Structures are given as C-alpha cells and as structure tokens.
Amino acid sequence: MNIIEKAKINDNSIVYLKKLCEQKLDEYYTAGVPGVVVSRVKDELVKIKAANSEDVYRIYYEFNKVAADNGLFISSRADTGNLMVTFLLGNSPFDPMQPYYYCEECGHYEDFVEIDIVKCSICGKHIEMRGYGLPEIFEFGSNDNPRIRRRFEFHFGDGLRTLLKEVLQSLYLGYEVVDVISPDKSRKVGFSVLPEGQILLRDYPELVAYDMDGNIAICGDDSDIEEKGIILIPAIENFVYNTVKKPSNHYIQLKNYVNQIKTKESIFEEKLKEGFSSDEAYDFVKSKIYEPGGFVPSKIGVLHNKWIWSLNR
Ligand SMILES: [Zn+2]
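Residues numbered from 1 in each chain as written. Predicted model: local features only at pLDDT ≥ 70, side-chain atom pairs only at ≥ 80, totals over all residues. Heavy atoms only, no water.

Draft legend 1. Broad picture of the pairing of strand β6 (residues 177–181). Taking burial as the measure, the 5 residues of β6 include 5 buried ones, the bulk of the element. Sheet topology note: the β6/strand β7 (residues 188–193) ladder contains 5 bridges and is antiparallel. Pairing of V178 across the sheet is with S192, part of β7. Between β6 and β7, which follow one another and run antiparallel, lie 6 residues, and K185 among them has a positive phi close to 60°. (Buried < 20%, exposed > 50% of the residue type's maximum accessible area, 1.4 Å probe, protein only. Helix = DSSP H or I, 4+ residues; strand = E, 2+ residues; numbered from the N terminus. Pairing = 2+ DSSP bridges.)

Shown next as structure tokens:
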C-alpha cells in the first residue's frame with residue numbers, strides 16, 4: 001500500500017502559533033517579556049516544529065479557546081508536558097516556569113530565592129510571585145533528548161463534542177472528519193481526519209462501524225488507523241467534568257490544593273525523622289524533582305500536574 005500523506009491544516013500552523021504566543025506573552029507580561037521566557041518559548045516552538053507537531057498544538061489552542069468561549073471545561077491533563085507554549089495557549093493558570101518574581105510596573109524579573117520579597121528592588125512597587133516550577137515532560141526521550149508529544153488526549157463534559165468537531169471541520173476544510181468509537185462501539189472516544197481525497201466508506205471499509213445512534217464512525221486499533229495515514233485525536237467525554245460548572249472555580253480549587261502540597265523542604269524534614277542521613281534525604285528529594293508526579297523545588301511551586309489532573313478523574 002502506498003504511503004498516504006496525512007491531512008494538514010490549511011494555513012501555516014507554526015507561524016500562527018508563534019504570533020499567538022507573542023500576543024499572549026504581551027498580555028501576561030504587561031511591562032515587558034523577560035528574556036528568559038522569550039528564549040524558552042522560542043526553544044519550545046523549534047522543538048514542536050522539528051517534531052512536525054505544530055498542527056497538534058494548533059488543535060490544542062483551538063479546543064481550549066472554544067471551551068473558554070462557551071464557559072465549558074476541557075483538560076488534557078499531563079499531556080501538555082508543562083510547556084510554556086501550552087500554558088500560553090491553553091486555559092490552565094499554572095505558569096510552568098521555575099518560581100520567579102515579576103514586577104508589573106517596571107517589568108523587573110528576578111529568580112525566586114527568598115519567599116518574603118514583596119517589593120520590587122528596582123521601582124519599589126509591589127512585586128508578584130509567579131511560576132510553579134513544573135518540569136517539562138515529553139512523551140519520549142530524556143531531559144537531554146526530549147521529543148515533543150505527537151498528540152493530546154482531551155477530556156471534557158457535556159456540550160463540547162459537537163463544538164470540537166466543528167473546530168476540526170473548519171481547520172481541515174476539504175477533509176473528512178469522522179468520529180472514532182470504542183471497540184465495543186458503546187462510546188465515542190475521539191475524532192479522526194482522513195487524508196486528502198479519501199472517503200471512509202470507499203477507501204477504508206475495514207474501519208467502518210456504526211455508533212449507538214446508527215451514525216457512521218471509525219473503529220479499530222489506534223496504530224492500524226494511524227498507519228493508514230489517518231490522524232487520530234483522542235477526545236473523551238468524562239462525566240466528572242459535568243460537575244465543573246465554572247472552569248474558573250475549578251482552577252481556584254486546584255490552586256488552593258496545589259498550595260498545600262508538600263514542598264521539597266518538608267519532604268527533607270520528614271526523611272530526616274525517618275532516620276535518613278542528610279545526604280540520603282537530599283538525594284531522595286533530588287531524585288523526585290524531575291519524576292512525573294514528583295515534588296518540585298520550592299515553597300510556592302508544587303507538583304507535576306499529572307497528579308493534579310488525576311485527582312479529578
Ligand atoms: Zn519594578
């Protein structure tokens with residue numbers, strides 16, 4: 001079988017993402033964007049492009065936008081990888097940068113060392129503490145050789161599925177967008193986009209299935225589907241999110257929770273009490289920092305968001 005080229009979003013997603021990031025950075029850093037953030041975002045966009053994942057991140061942005069515009073909740077849990085790009089383009093309030101101070105008056109940026117700073121050392125105005133110190137998580141590879149995720153898994157409550165499908169249909173104009181259903185055909189588990197000029201009934205009869213309402217859908221093994229050049233976008237309606245009536249309240253709850261979680265310092269003390277030597281306790285804390293679900297190294301920063309999101313599953 002010939003290798004069929006996957007569908008592409010019609011305009012240039014990487015250029016679009018770059019513009020969006022610049023715009024969001026200006027909104028978040030009202031008195032000037034710190035250089036360290038500019039280079040981090042630039043670096044992430046290079047990695048995203050190198051992994052041919054720009055359309056994946058474009059979809060992430062558009063899905064989050066349509067959810068926010070309609071006051072509905074969507075989560076991709078740990079799939080965001082704690083990138084600055086996903087923070088800027090999504091709805092999460094968790095700035096993933098290492099903890100820092102930012103002055104909204106003069107734009108002064110300062111690394112977080114002490115917790116008690118309240119005034120800007122340059123202009124003397126109140127200074128804001130930001131950053132949750134969330135480690136970058138990539139699907140494959142190590143910290144030295146990261147690989148960007150190829151796709152996100154979206155979870156959402158009632159009312160979003162139709163809107164998400166419309167988003168995909170407008171992004172992939174001229175391509176067939178089809179629902180994907182579970183092997184037992186009992187529920188919808190995502191969307192697929194067929195390659196250019198391909199029609200499900202004619203070109204992929206082996207994947208054709210019908211959902212509970214008799215609508216045509218795709219059903220098959222993920223890797224089989226992808227091998228045929230079809231794009232898969234996992235998107236699952238999760239009843240838990242129906243209880244999230246206002247996304248902003250949900251995030252406030254998460255933030256409160258996050259701020260109560262054990263810090264590096266408290267774990268260190270705990271280990272000493274358990275009889276660890278201080279070297280052992282130090283190594284233990286250090287080993288946890290970059291582990292998914294591990295602790296992060298500050299009093300305000302807290303925990304990898306995989307765990308945070310998983311609390312709501
Ligand atoms: Zn200042």
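Moving on, there is more to tell.
Draft legend 2. Summary view of the coordination of the zinc ion. Of the protein atoms, only C103 (SG), C106 (SG), C120 (SG) and C123 (SG) coordinate the zinc ion, at distances of 2.2 to 2.4 Å. Here the zinc ion binds 4 donor atoms, and the angle range of 101 to 119° at the metal identifies the geometry as tetrahedral. Linear spacing of the donor residues for the zinc ion on their chain is C-x2-C-x13-C-x2-C. Residue C106 is classed as partly exposed on the basis of its relative accessible area, which comes to 34%. (Donors = N, O, S within 2.8 Å, 3.2 Å for Na, K, Ca; no water. Tetrahedral: all angles 85-135°; square planar, octahedral: opposite > 155°, others 65-115°.)

Draft legend 3. Fine view of the nonpolar core. V41, I59, F63, F154, Y172 and I233 are the most contacted members of the largest nonpolar core, which totals 46 residues. The element best represented in this core is helix α3 (residues 54–69), accounting for 8 residues. When sequence neighbours within four positions are dropped, the list of residues in contact with V41 reads C21, L25, M84, V85 and L88. Judged by nonpolar contacts, the second largest core, of 12 residues, contains V189, L200, I230 and L232. (Core = buried A, V, L, I, M, F, W, Y, C linked by side-chain atoms within 4.5 Å. Contact = heavy atoms within 4.5 Å.)

Draft legend 4. Here's a closer look at the confidence of the model for the protein chain. This prediction gives the protein chain a mean pLDDT of 79; 73% of its residues lie at or above 70. Within the model, the stretch residues 138–146 combines pLDDT values under 50 with 15 contacts to residues more than four positions away or in other chains. Across residues 289–313, confidence stays below pLDDT 50; counting only partners more than four residues off in sequence or on other chains, it has 81 contacts. Overall fold confidence (pTM) sits at 0.78, and the ipTM for the predicted complex is 0.99. (pLDDT = per-residue confidence, 0-100.)

Draft legend 5. Examining the environment of D95 more closely. By secondary structure assignment, the location of D95 is in the loop between α4 (84–89) and β2 (100–102). Residue classification places D95 among the buried positions, given a relative accessible area of 1%. Along the sequence, D95 and Y132 sit 37 residues apart, while their C-alpha atoms lie 5.8 Å from each other. A polar contact is formed between the side chain of D95 and the side chain of Y28, at a distance of 2.8 Å. Within the structure, the side chain of D95 is placed 2.9 Å from the backbone nitrogen of M97, a separation counted as a polar contact. (Polar contact = N/O pair within 3.5 Å; in protein donor to acceptor, adjacent residues only side chain to side chain.)

Draft legend 6. Broad picture of the packing of helix α1 (residues 13–28) against helix α2 (residues 35–50). It is the contact of α1 with α2, at a shortest axis distance of 11 Å, that shows an interaxial angle of 160°. It follows from the interaxial angle that α1 and α2 lie roughly antiparallel. Seen along the crossing, α1 lies across α2 with a hand that is right-handed. Between α1 and α2, the residues in contact are I14, L17, K18, C21 and L25 and V37, V41, L45, I48 and K49, respectively. Class assignment for the residues of the contact of α1 with α2 results in 8 nonpolar, no polar and 2 charged. (Axes fitted to C-alpha atoms, helices over the stretch in contact; angles between N-to-C directions. Parallel < 35°, antiparallel > 145°, perpendicular 65-115°, else oblique. Left-handed = near helix turned anticlockwise from the far one by under 90°. Nonpolar A, V, L, I, M, F, W, Y, C, P; charged D, E, K, R; others polar.)

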